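Survey of secondary and tertiary structure
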Amino acid sequence: MQDYEESVLFLGSWGPFQRRIFFVLCLTCVPCGYNILSVIFLLASPPHHCDIPAHSNLSQEWIQASIPAEQVAGQPERSSCSRYEQDLNQSAPGSRPEVLLSSLKREGCRDGWTYSTQYFQSTVVTEFDLVCSEQWKQPLTSLVYFLGGLSGCFISGLISDRFGRKPVLFGSIAILSIFSSAVAFAPSWPVFTVLFFMLGLGQIACYIVVFVLGSEILVGSSRILFSSLGQPFVYAFSMMLLPGTAYLVRSWRHLSLIMAVPGLACIPLWWLVPESPRWLLSRGRLQEAELLLRSAALVNRVEAPPVIFLPPKAEKAAESVSFLDLLKTAKIRHITLKLWLICASYFGLSFSMSTLYGNLFLNYFLLTVVELPAYFASWLAARSFPRRLSFIGFSLLGALALLFIQGYPTLTMSLVLLGKFGVLAGNGVVYTYTGELSPTVIRNTAMSSCAMFSRVGSSVSPYLLEMAEFNKLLPWITLGVLSLLGVLLCIFLPETFRQPLPDTIEQMPFEVMHQQVFHTARTEGCGTQKQPKLKLT
């Protein structure tokens, strides 16, 4: 496996076969990008107030006055969860609401709620009345969705290592389509929550397997282009399609059905996506790997050597590692814990956009568009600048922009966009950084664990929004502080820029002061640095 890239040099790096794989795998990324953070629209909570039944025999003036006013962020707004007690005689001739309301008690919304239809015809919140005393179900539903993503991140890696990348990829796409359709017919909130968990399970698994499959089939510059620009750009573009769809389709049930369409459209791609030759080789299936590569040689119109892979003879047995090896010794434990904490903050920024004022569809679109230059900037930085400097620079930019929101509330949207640019660009650098810090024998496990902790950040993000009840700016301040924490942790990580990748745990660059020693000990091979297999989404 160590000589795999040398064995497939005859294929080249950007022939017809590589171009086909590049574009087809990018297309398979559309379903997971289209579904990510769908909670923003399915679980949107429009303005609402207590319903006044038509049979209450109240005049229009009394109906308007029956909802008390409350101070929300210093502004008077109609109460969402209470009304004045109803009296059928209040609308008698000559009576005025201003005179009588002061003596009335408040009561809950005994007859339900009236929801604004300015942006949504219906959502899960409006259909199942997840407001007021039932409001706690909103963040819980989002939590369940992201926990499904966390579980999918872990399970998909285990299954794909045993049964192959291709079956897991299309199995994840099938899960997205099946459960996107199923949630549209959920008759109750508990049923919707269970189905939503399954939807999250496939969403994260899909992205990870696409990333791994592309990284293992493509080599050299085509692999870097796919992992750094190709897949992230298509992923962001598919995210941009969701607010446009939600703008046109205002019913959450119809929107759920439409969310299943990209996955169904990807089913014919099964016959265009091959299995990973690296995975086949790791499972001892040399003949299948060679047959695949010889077919690729025919597509590229190059001649394959008589023997591509030599059968293993007296090679040293592969080192057996597990998830627990990430915490086995104090040195690797320190690096692992720092990376986990750094990886746990990005999704909170994406999800917290629902606290912004203005048009929800436009806000979501703008926060998605800003990902494109962020991905491009992180790719340029990873090519030209040290990892720590790049991450610290981007993260400081994001943190300061978010912290300045409290001083310049009129520039909230601009500062949020700048904050997301910095945080996301820094997060892109972390992909490369984590792969370079992790040795070959445990690199995939390390990347999967970081992906799981990024889902932990997304899981708690719905509860981060609850902080806005105390102060509208508190979620953004918290995210800015978390970014500063990531900067502080990164300072104590060793630099890996232009260093050879470690192959064993003993070769890991544990301390900054040992970089020169590490470099000197592994001078041979510095010019043939391998690209890490990234699995973090």
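Residues numbered from 1 in each chain as written. Predicted model: local features only at pLDDT ≥ 70, side-chain atom pairs only at ≥ 80, totals over all residues. Heavy atoms only, no water.

- The name given to the protein in an unreviewed UniProt entry is Solute carrier family 22 member 4-like, with the source organism recorded as Xiphophorus maculatus.
- Among the UniProt annotations of the protein, the heading Subcellular location (unreviewed entry) holds the following wording: "Membrane". (UniProt positions renumbered as here; feature names shortened; annotations may be inferred.)

**Some remarks on helix H15 (residues 286–300)**
- Its 15 residues give H15 an end-to-end C-alpha distance of 21 Å, which sits within 8% of 21 Å, the value for a rise of 1.5 Å per residue.
- Of the positions making up H15, those classed as buried are Leu286, Ala289, Glu290, Leu292, Leu293, Ala296, Ala297 and Asn300. Looking down the long axis of H15, one finds its buried residues gathered within 160 degrees of arc, a one-sided arrangement. What points out from H15, more than 90 degrees from its buried face, is the exposed set Gln287, Leu291 and Leu298. (Helix = DSSP H or I, 4+ residues; strand = E, 2+ residues; numbered from the N terminus. Expected span 1.5 Å × (residues − 1). Buried < 20%, exposed > 50% of the residue type's maximum accessible area, 1.4 Å probe, protein only. Arc of directions from axis to C-beta.)

**Brief notes about the packing of helix H8 (residues 137–163) against helix H9 (residues 165–183)**
- In the contact formed by H8 and H9, the axes pass within 7 Å of each other and the chain directions differ by 135 degrees. Taken together, the axes of H8 and H9 are oblique relative to one another. Between H8 and H9, the residues in contact are Ser156, Ile159, Ser160, Asp161 and Phe163 and Arg165, Pro167 and Val168, respectively.
- Residues that form the contact of H8 with H9 fall into these classes: four nonpolar, two polar and two charged. (Axes fitted to C-alpha atoms, helices over the stretch in contact; angles between N-to-C directions. Parallel < 35°, antiparallel > 145°, perpendicular 65-115°, else oblique. Contact = heavy atoms within 4.5 Å. Nonpolar A, V, L, I, M, F, W, Y, C, P; charged D, E, K, R; others polar.)

**Overview of the packing of helix H2 (residues 16–28) against H15**
- Where H2 meets H15, the closest approach of the two axes is 7 Å, and the angle between their N-to-C directions is 110 degrees. One element, H2, and the other, H15, form an angle in the roughly perpendicular class. Mapping the contact onto sequence places Pro16, Phe17 and Gln18 in H2 and Leu292, Ala296, Val299 and Asn300 in H15.
- Of the residues in the contact of H2 with H15, the class split is five nonpolar, two polar and no charged.

**Brief notes about a nonpolar patch on the surface**
- A grouping of Leu396, Leu400, Phe404, Tyr408, Leu411 and Leu484 is seen on the molecular surface, where their side chains present a nonpolar patch of about 530 Å² in accessible area.
- Within the secondary structure, Leu400 sits in helix H20 (residues 387–403).
- Overall, the relative accessible area of 41% leaves Leu400 in the partly exposed class. (Patch = residues over 30% accessible without salt bridge, like charges linked within 9 Å, V, L, I, M, F, W, Y side chains within 5 Å. Areas by Shrake-Rupley, 256 points an atom, 1.4 Å probe, with all protein chains shown as cover. Salt bridge = Lys/Arg side-chain N within 4 Å of Asp/Glu carboxyl O.)

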